[in-house]
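Results of the structural survey
Residue-level listing of the chains:
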Amino acid sequence: MGRRVLVTGGAGFIGSHIADTLVRDGHEVAVVDNLSSGKREQVPPEARFFELDITAGVDAALEAFRPDAVFHEAAQISVSASMKQPEFDARVNVLGSIHLLETCRRSGVKKLIYASSAAAYGPLETLPLREAMRPMPLSCYGISKYAVEHYLRAASSQWGLEWAALRYSNVYGPRQDPHGEAGVVAIFSQQILEGKAPTIFGGGELTRDYIFVADVVSANLAALETDLRGHPDPVFNVSTGVPTTTNRIFELVRKGLRSTVEAVRGPDRPGDVRHSLLDSAKFRALTGWSPRTSVEDGLPRTTDFFAERARPR
Ligand SMILES: NC(=O)c1ccc[n+]([C@@H]2O[C@H](COP(=O)([O-])OP(=O)(O)OC[C@H]3O[C@@H](n4cnc5c(N)ncnc54)[C@H](O)[C@@H]3O)[C@@H](O)[C@H]2O)c1
């Protein structure tokens, strides 16, 4: 049966794909987004749209729409911005989430699924990262993402909210913002399409756990469909568990765009961990979810999107 579902950040990269899938599956959907990086045209036309900031005044949306469940994707997503402006990061990511939670409590929302991040772990040495490990976030972004997991736990014990925190690894796919600092697939694609040579830092042998956005969407839907009431610790890695080097990503982006451009080689960037890998066994065992898209399949779908968008009309 269709539910009433609200997506914060639903004009952004991941949130808009979640909203599209919810609409397709027959749910009633509303989106809250302040369009700071999101785009109005990415919100599905069938969804109600509220141009609001999560740090104030989301009551209007929740009162008007009365969702049963909320996907909370809206955030300040830049690690370096979080280090330069920790107050702003905490205002959006922590205070914004608390404001949203308070509003959810008042309007009777039963379930909230939160976009957490691998950044919550910080640079732990033992890989793959598992939920039982003690997070030691170093970036202000990692701290703010992690803090909200605790507020969710508090909301659950205080007023019975059913919740999940999904710690995404490195997500890529169509609609990712190529102008940010994260999202190397989008950045490389955009640079190559603009005739620029991408820079690969630190020898290109750093590895990340890349996950295609459709697999992150299906994880969110699996969390919605799974009964998590009474779960002792509903914090889950959402990842592929497959390491891919930056050099390999560059090769695949180049191939997808039929380019022969050579990358510029840059030095190590301070603060970049060499390897990041997450084990998603806990989420798989509970929900039956598994990622279906390898980088070899997901990369061409992503470069096709950027190539199509760059085509003169
Ligand atoms: N992309 C990744 O690799 C990745 C990895 C781990 C976690 N995440 C998390 O996933 C979520 C979605 O990230 P994304 O990559 O789609 O980023 P995004 O920037 O495309 O989406 C975020 C959306 O939130 C909106 N927003 C920002 N501040 C807001 C505010 N104060 N009020 C209302 N709306 C606001 C933006 O306009 C944007 O549409 C974020 O919570 C992010 O921390 C992303």
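Residues numbered from 1 in each chain as written. Predicted model: local features only at pLDDT ≥ 70, side-chain atom pairs only at ≥ 80, totals over all residues. Heavy atoms only, no water.

Turning our attention to the sheet that holds strand 5 (residues 111–117). The sheet built from seven strands is open, its strands ordered 3-2-1-4-5-6-10 with parallel pairing. Single-partner strands in this sheet number two, and they are strand 3 (48–51) and strand 10 (235–238). Direction aside, the axes of adjacent strands within the sheet are offset by 20 degrees on average. Bridge count between strand 4 (residues 69–72) and strand 5: four bridges; the pairing is parallel. Bridged to H72 within strand 5 is Y114. Contacting strand 1 (4–8), strand 4 and strand 5, helix 4 (residues 86–107) crosses the sheet at an angle of about 175 degrees to strand 4. Strand contacts of helix 5 (residues 140–159): strand 5, strand 6 (162–168) and strand 10, with the helix running at about 160 degrees to strand 5, the strand carrying the most contacts. (Pairing = 2+ DSSP bridges. Helix = DSSP H or I, 4+ residues; strand = E, 2+ residues; numbered from the N terminus. Axes fitted to C-alpha atoms, helices over the stretch in contact; angles between N-to-C directions. Contact = heavy atoms within 4.5 Å.)

Okay, the pairing of strand 2 (residues 28–33) next. Counting buried residues in strand 2 gives five out of six residues, a clear majority hidden from the surface. Bridge analysis of strand 1 against strand 2 gives five bridges, and the strand direction is parallel. Considered in strand 2, the bridge of R4 is made with E28. Remark: the strand 1/helix 1 (residues 13–24)/strand 2 crossover connection has right-handed handedness. In the sheet, strand 2 pairs with strand 3 via four bridges, with the strands oriented parallel. Looking at strand 3, one finds that D33 is bridged to E51. (Buried < 20%, exposed > 50% of the residue type's maximum accessible area, 1.4 Å probe, protein only. Right-handed = clockwise from strand over helix to strand, strands pointing away.)

Before going further, it helps to examine helix 4. Look at helix 4: 30 Å from first C-alpha to last across 22 residues, which is about the 32 Å you get at 1.5 Å a residue. The largest bend along helix 4 measures about 30 degrees and falls at L95. For helix 4, the elements touching its buried residues are strand 1, helix 2 (59–65), strand 4, helix 3 (79–84), strand 5 and helix 5. Just downstream of helix 4, G108 is the residue with a positive phi angle, here 80 degrees. (Expected span 1.5 Å × (residues − 1). Bend = angle between axes of the 7 residues up to and from the residue.)

Moving on, we get to the side chain of N247. In this fold, N247 is placed in helix 8 (residues 246–256). Of note is the side chain of N247, whose polar atom sits 2.8 Å from the side chain of R265. Contact partners of N247, with chain neighbours within four places excluded, come to I200, G203, G204, E205 and R265. (Polar contact = N/O pair within 3.5 Å; in protein donor to acceptor, adjacent residues only side chain to side chain.)

Another aspect to go through is the domain arrangement of the chain. Taken domain by domain, the chain consists of domain 1 (4–171 + 212–238) and domain 2 (173–209 + 241–310). Put simply, the middle of domain 1 and the middle of domain 2, counted by C-alpha atoms, are 23 Å apart. The interface is formed by 38 residues belonging to domain 1 together with 28 residues belonging to domain 2. Looking at the side of domain 1 facing domain 2, the largest losses of area belong to F13, F212 and D215, adding up to 23% of the total buried there. Put simply, domain 1 and domain 2 have three salt bridges between them. Between D20 and R175 there is a salt bridge whose closest N-O contact spans 2.9 Å. Here domain 1 is connected to domain 2 by 16 residue pairs in polar contact (both at pLDDT 80 or more). Mapped by element, the contributors of at least two residues to the side of domain 1 that touches domain 2 are helix 1, helix 3, strand 6, strand 7 (170–172), helix 7 (213–225) and strand 10. (Domains from an automatic or database assignment. Buried area = accessible area lost by both parts, 1.4 Å probe. Salt bridge = Lys/Arg side-chain N within 4 Å of Asp/Glu carboxyl O.)

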